[in-house]
Amino acid sequence: MTYVNLSKASDHWLNAINKLPSLLKLHLSDCELGHIHPLSHTNLTSLSILKMSYNNFNSFIPDWIFSLSSLVELDLRYSQFIGSFPNGSFSLTSLTDLDVSRNSLSGTIPSFFYGFSNLEYLDLHINNLQGIVSNSIRNLTSLVSLELSDNTLNGSLAESLGSLSNLESIDLSFNSLSGPIPVSLGNLTSLYDLSLSNNKLNGSLPESLGSLSNLLSIDISDNLFQGVVSEVHFANLTKLSFLRASENSLSLRVNPDWILPFQLDFLELGSWNLGSPQFPTLLKSQKRISSLDLSNTGISEAIPRWFFNLSTSVEHLDLSNNYLSGDISEFLCYPTGDSRVLSKLRLGGNLLSGNIPDCWMYYPSLYVIDLSNNNLTGTIPNSMGSLHWLFSLHLRNNSLSGEITSSIRNCTELQILDLGLNKFDGSIPNWIGISLSNLKILIIRSNKLNDHIPVELCRLRSLQIFDAANNNLSGTIPRCFNNFSQMATKNNSGDESTYEVPIGNGATSSLLDSAILVTKGREDRYDKILKLVTSLDLSNNILSGEIPKQLTSLQGLFSLNLSGNHLKGSIPDQIGNMTSLETLDLSRNNLSGNIPPSISSLTFLNHLNLSYNNLSGEIPLGTQLQTSNASSFIGNQLCGPPLTKNCHGKDNTTHKGTEHGEGVNDEEEYWFRLGIAMGFVVGFLGIIAPLLACRIWRRAYYWFWQDYMLFKIIGWFINFKNMLRT
């Protein structure tokens, strides 16, 4: 019944099926089921295959499922199951396939799983499972595939994994596993796929890995491994085609004449110590590498000629953050002729010089170019306009000059454009807003751009980051900036960290990109959360006029920096509508008037600077304002905390209070003293006024003191004197 819409039968489907004791197979995948009932007793004693994937149960997995003793195959993936696995003791000795992946399950892997003695395929990836993988896994002697990636499992790798001689695939990536790789894994001679990436594994790589003669792919990237890797580690890996080991502290120590005993498709050794500042000669024998990552490996020479032949098959090339020098025109442009297959080129963070090559027409598949942080000069070449699939272009921090070439307008798929920290001049081209309608990130800070900000930029509805700081831009801030829909909408991208890149023929590729932003007065690199960041920075220009009230509709904006301009008028009253703001800098302008009370609504604000304006009045009350540094308000005519100037004309000093640190402020002291004075006056007049107004009361008062109290006092004195004599 796969794909049959059973949403209207959610309340009774199970009771109906439970009346079929002879049922052997039940396929209910993608049936839009929204509920699954518990059963006090199940009659499905003959059921061998149960598939209920791609539904919307949003509930716990019921106990009765694991009491189906005849089950051979159980598929519950993508069905929004939550909570822990059922408690109890279940014996599914016939079960061979168990897939509960892509749910929201928590807790630990239940101990009864380790009793499924005939289990061959166990898939629990993409859940929230915690705890360790027990050494009891040695009981799963029939296991062929173990898929536990994308959970929060911890502890060390079970030594008993090495006893599962039938294992062909292990994926424990994206967990929090620690400790070394067990030497016993070298016993898994049937293993062809080993993925342990993105954990906290440490220690050195065991030489026993070199015994895995059937291994096709190994991924140990993003861990804490260290130590030396030698020829022994690769001795019998003749079938290896995927080697991913970037982001570790490993050192390669092999004979310079050693030839790899395998042909690789993927080789990623980013952050390794290659033992030499030269390109590793072991690459010379490779004929089919499509992805090569040698970033941050200390290479410090020009790209050698023999590397040109290797590069013709490379699709993804990352040589960033090394010390590569020289001109790259020869590497990219010669020999001319056939188109290249290169799609991602990362050469940023080197010492490259000369002009940007003008031969991009040979690279029709390119969608990422990163030449940032080099010493490149000249202009952007016209041939870049031929890159119709270009998605991300990083030319930041070079010495490029001239106007921003109009040929880029042909790169209509461009979404990330970083031209910051160069010497570009002229005005911001209006064609950016007309032709590059897909732009999400536009960084042009620290150039020599002038003139006004073109209103055509307001067409960039997908723009999430616009940084034009440190230029000579003039005129007013366009009121139409409220058209930036991505900044106006609170981000709901969840955990998505990658961009979907169109690469032709309707296909897409996932891309994790990065950008450098200046926020809160510091420069930070954003990568995994880049897609969630929204920022507008127009600081240090010569913009004038008022802050458009339309900006306050950007409710999804995280950072707004308009400092160092000539803006005047008041801060918009609706500033409190920008409820996502974490950083607000309006300092060094000519703003006047009061700080709007609505600013107290910015509960996420953790960096505020309103200094050096003409603001006046009392600083509104609000945790984010009173906990700000007083320097955020200096250079104005403001009063109230956190400034020491009191709005009633006295300093905001604090008196030493009780042992709990409480004090009495100036206003409280004023009313305290006034109360004492009033009390004295009222008490004094309460006695004197009746005596002055009434003669009878006056005589009685005098008599009381002269004829009564005086004799009483003399009598007490005489008695006291007699007591002393006795």
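Going by the structure above, here's the rest.
Report on the accompanying structure. (Residues numbered from 1 in each chain as written. Predicted model: local features only at pLDDT ≥ 70, side-chain atom pairs only at ≥ 80, totals over all residues. Heavy atoms only, no water.)

**Looking at the overall build of the protein chain**
Our working rule: Helix and strand definitions follow DSSP, with helices as H or I runs of at least four residues and strands as E runs of at least two, each counted in order from the N terminus. The rule is simple: take the accessible area with a 1.4 Å probe, protein chains only, and divide by the maximum for that residue type; under 20% is buried, over 50% is exposed, in between is partly exposed. Note on contacts: a residue pair is in contact if any heavy atoms of the two residues lie within 4.5 Å. Surface accessibility follows the Shrake-Rupley procedure with a 1.4 Å probe radius. Residue values consider only the protein chains on display as shielding.
A count of helical and extended segments in the protein chain gives eight helices and 45 strands. Here the protein chain, with 726 residues, has 49% of them falling under the buried criterion. If you take every contact in the protein chain between residues at least 6 apart in sequence, the share linking residues at least 24 apart comes to 54%. When the accessible surface of the protein chain is split by element, carbon and sulfur atoms take 51% of a total near 33800 Å².

**So, the environment of Val229**
Within the element layout of this structure, Val229 appears in strand 14 (residues 224-229). By relative accessible area, which is 1% here, Val229 ends up buried. Through-space distance from the C-alpha of Val229 to that of Leu274 is 9.8 Å; in sequence the pair is 45 residues apart. Excluding residues that lie within four positions of it along the chain, Val229 makes contacts with Leu205, Phe234, Leu250, Ser251, Leu252, Arg253, Val254 and Trp272.

**Re unusual backbone geometry**
Following Pro641, the chain continues to Pro642 via a peptide bond in cis, the omega torsion being 10 degrees. Relative to the helices and strands, Pro642 is located in the loop between strand 45 (637-639) and helix 7 (666-693). The phi dihedral of Ile126 is positive, around 55 degrees, even though this residue is not glycine. Position of Ile126 among the secondary structure elements: in the loop between strand 7 (121-123) and strand 8 (145-147). Although it is not a glycine, Glu247 adopts a positive phi angle of roughly 60 degrees. If you trace the backbone, Glu247 turns up in the loop between strand 15 (242-244) and strand 16 (249-252).

**Comments concerning the state of the cysteines**
Heads up, the condition is: Two cysteine sulfurs form what is called a disulfide whenever their separation falls within 2.5 Å.
One pass over the full model with this rule turns up three disulfides. For Cys333, the disulfide goes to Cys359, at an S-S distance of 2.0 Å. Handedness of the Cys333-Cys359 disulfide follows from its S-S torsion of about -80 degrees: it is left-handed. Note that Cys333 is positioned in helix 3 (residues 329-333) and Cys359 in the loop between strand 22 (351-355) and strand 23 (368-370), a separation of 26 residues in sequence. No difference in accessibility class separates Cys333 from Cys359, as the two residues are buried. The disulfide bridge from Cys458 ends at Cys480, spanning 1.9 Å between sulfur atoms. Taking the sign of the S-S torsion, about 65 degrees here, the bridge from Cys458 to Cys480 comes out right-handed.

**Details of the side chain of Ser221**
For the record, the criterion: What qualifies as a polar contact is a pair of N or O atoms within 3.5 Å, subject to a donor-acceptor requirement within protein and to the restriction that residues adjacent in sequence count only when both atoms come from side chains.
With respect to the helices and strands, Ser221 occurs in the loop between strand 13 (217-219) and strand 14. A polar atom in the side chain of Ser221 sits 2.7 Å from the side chain of Asp219. When sequence neighbours within four positions are dropped, the list of residues in contact with Ser221 reads Ser197, Asn198, Arg244, Ala245, Ser246 and Asn248.

Just geometry here; none of it tells us what the structure is for.
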